[in-house]
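Descriptive structure summary
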Amino acid sequence: MLSKSYPKDYLESVVALGFFDGIHLGHQAVLNRAATIAAEKEKPLRIITFYPHPRNSIGHNHTIKYITTYAEKYQCFQSFYPGCEVYFLRFNRQLRHTSSESFLDRINQWFRPIAVITGENFRFGYRTQGDQIFLQNFFKKRGVETAIIPSISLDGDVLSSTMVRQLIEKGDIKKVNKVLGYPFSIRGRIVKGKQIGSQIGFPTANLLPVSSKIMPPHGVYFGFMNWKKGEYPALIYIGTKPTVSQNQRRVVEVHISHQICQSLYQERITVQLQHFWRLEKHFLTIEALKEQITIDQAAFNAYLQHTQGMIN
């Protein structure tokens, strides 16, 4: 049931419960409260989440795509809350048929919480019968503090992972980042391409996003590329490269300097999207593609100058 073995030292802890896909501002409100209590009580913060998405494990026709993959989610947790412990509970048939009381009893035994924090919409147990009132009553009997964090609204809409997915699919990157509180990112390992970008004067580093990751519309974006040696402005293409390939496999191409591209093969990088520029196009010739990329690069340079001017 646990992808990481449960704590063998049985230290008391502060527990944050939720699926937390995307770790948007609403999730951060839950996690921030848990982190604050953990610091005040000088107890470890334990974040309890799940995989796969419950709807993906019970035969729904529509598969839920993830805003943050497991690796991305873990990386975000560690970045936002250094030193936290992260546990993924496998949402399988056994967990799906566990009663609400049995589920909380296991949380209580495994993690010894002195406080449990969750969002107001968190549901658990067989047929999601467990709610915030059930959770509060269960832990009150055991002397455990609870905090149920209300949902957050932005521009009149309640924040949710579903809302974020819809915004990503629309390509509204600006609002996606506003709701997340940080740039929407894609993490992966650089793979060797056909070097067509280098041949036409625009070298790229290529990564193949996992199929379970939700992606914005195919097109060109402005953003940044992060890896162990730093952060670099990047012109980013997401799509199937219809002009130069018949392969329908989606790829993320990151255009940065040739010297940096040469150093990235097999490295893991994180691509941050900041601004949507244009939709994917099919060009009749490589020359036409090259001309469009020149226009894209000029627009990206202007964007960088504008944003830098706003910062200064």
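Before reading further, recall that the structure is shown in the block above.
Worth saying up front: this structure is predicted, and the values here are computed from it rather than measured. (Residues numbered from 1 in each chain as written. Predicted model: local features only at pLDDT ≥ 70, side-chain atom pairs only at ≥ 80, totals over all residues. Heavy atoms only, no water.)

1. Observations regarding the overall build of the chain
Helix and strand counts for the chain come out as ten helices and 13 strands. Per-residue burial over the chain gives 46% buried out of 312 residues. Here the contacts in the chain between residues at least 6 apart in sequence split such that 73% fall between residues at least 24 apart. (Helix = DSSP H or I, 4+ residues; strand = E, 2+ residues; numbered from the N terminus. Buried < 20%, exposed > 50% of the residue type's maximum accessible area, 1.4 Å probe, protein only. Contact = heavy atoms within 4.5 Å.)

2. Concerning helix 1 (residues 25–41)
Along its 17 residues, helix 1 runs 24 Å from first to last C-alpha, staying within 8% of the 24 Å computed at 1.5 Å per residue. Among the residues making up helix 1, those that are buried are Gly26, His27, Gln28, Val30, Leu31, Ala34, Ile37 and Ala38. (Expected span 1.5 Å × (residues − 1).)

3. Here's the deal with the sheet that holds strand 9 (residues 204–207)
Around the barrel, which closes on itself, the six strands sit in the order 8-9-12-11-10-13 with antiparallel pairing between neighbours. Adjacent strand axes in the sheet meet at a mean angle of 45 degrees when their direction is disregarded. Sheet topology note: the strand 10 (residues 219–227)/strand 13 (residues 268–279) ladder contains eight bridges and is antiparallel. Across the sheet, residue phenylalanine 224 finds its bridge partner in strand 13, namely glutamine 272. Along the sheet, helix 2 (residues 70–80) contacts strand 8 (184–191) and strand 13; its crossing angle with strand 8, the most-contacted strand, is approximately 120 degrees. (Pairing = 2+ DSSP bridges. Axes fitted to C-alpha atoms, helices over the stretch in contact; angles between N-to-C directions.)

4. Looking at the sheet that holds strand 5 (residues 145–149)
Spatially, five strands are ordered 3-2-1-4-5 in an open sheet, and the strand pairing comes out parallel. Pairing within the sheet leaves two strands with one partner each, and these edge strands are strand 3 (85–90) and strand 5. Going from strand to strand, the sheet's axes swing by 20 degrees on average, the running direction of each strand aside.

5. Details of helix 2
The complete set of buried residues in helix 2 reads Glu72, Lys73, Cys76 and Phe77. One face of helix 2 carries all of its buried residues, which in axial projection span an arc of 135 degrees. Against the buried residues of helix 2 lie helix 1, strand 2 (45–51), strand 3 and strand 8. (Arc of directions from axis to C-beta.)

6. With respect to the side chain of lysine 213
For lysine 213, the location among the structural elements is in the loop between strand 9 and strand 10. Here serine 185 takes part through its backbone oxygen, which lies 2.7 Å from a polar atom of the side chain of lysine 213. Every residue in contact with lysine 213, bar those within four places of it in the chain, is listed here: Lys65, Tyr66, Ile67, Thr68, Thr69, Glu72, Phe184, Ser185, Ile186 and Arg250. (Polar contact = N/O pair within 3.5 Å; in protein donor to acceptor, adjacent residues only side chain to side chain.)

7. So, the packing of aromatic side chains
In total, this model carries 20 aromatic pairs according to the counting rule given. Measuring from centroid to centroid gives 5.4 Å for phenylalanine 80 and tyrosine 182, while their planes differ by 65 degrees, and the two rings are edge-to-face. Pair noted here: phenylalanine 80 is in helix 2 and tyrosine 182 is in the loop between helix 7 (173–180) and strand 8, with a separation of 102 residues, a long-range link. Centroid distance phenylalanine 222 to tryptophan 277: 5.7 Å. Interplanar angle 25 degrees. Geometry classified as stacked. Here phenylalanine 222 is found in strand 10, whereas its partner tryptophan 277 is found in strand 13, with 55 residues between them in sequence. According to the relative accessible area criterion, phenylalanine 222 is buried, its value standing at 2%. Looking at tryptophan 277, the relative accessible area reads 33%, which means it is partly exposed. Through a chain of ring-to-ring contacts, three or more aromatic side chains come together here, namely Phe19, Tyr51, Tyr66, Tyr70 and Phe88. One cation-aromatic arrangement involves lysine 73 over phenylalanine 19; the distance from NZ or CZ to the ring centre is 4.1 Å. It is arginine 142 that lies over the ring of phenylalanine 138; its NZ or CZ is 3.6 Å from the centre. (Phe/Tyr/Trp six-rings, centres within 6.5 Å; stacked < 30°, edge-to-face > 60°. Lys NZ or Arg CZ within 6 Å of the ring centre and 35° of its normal.)

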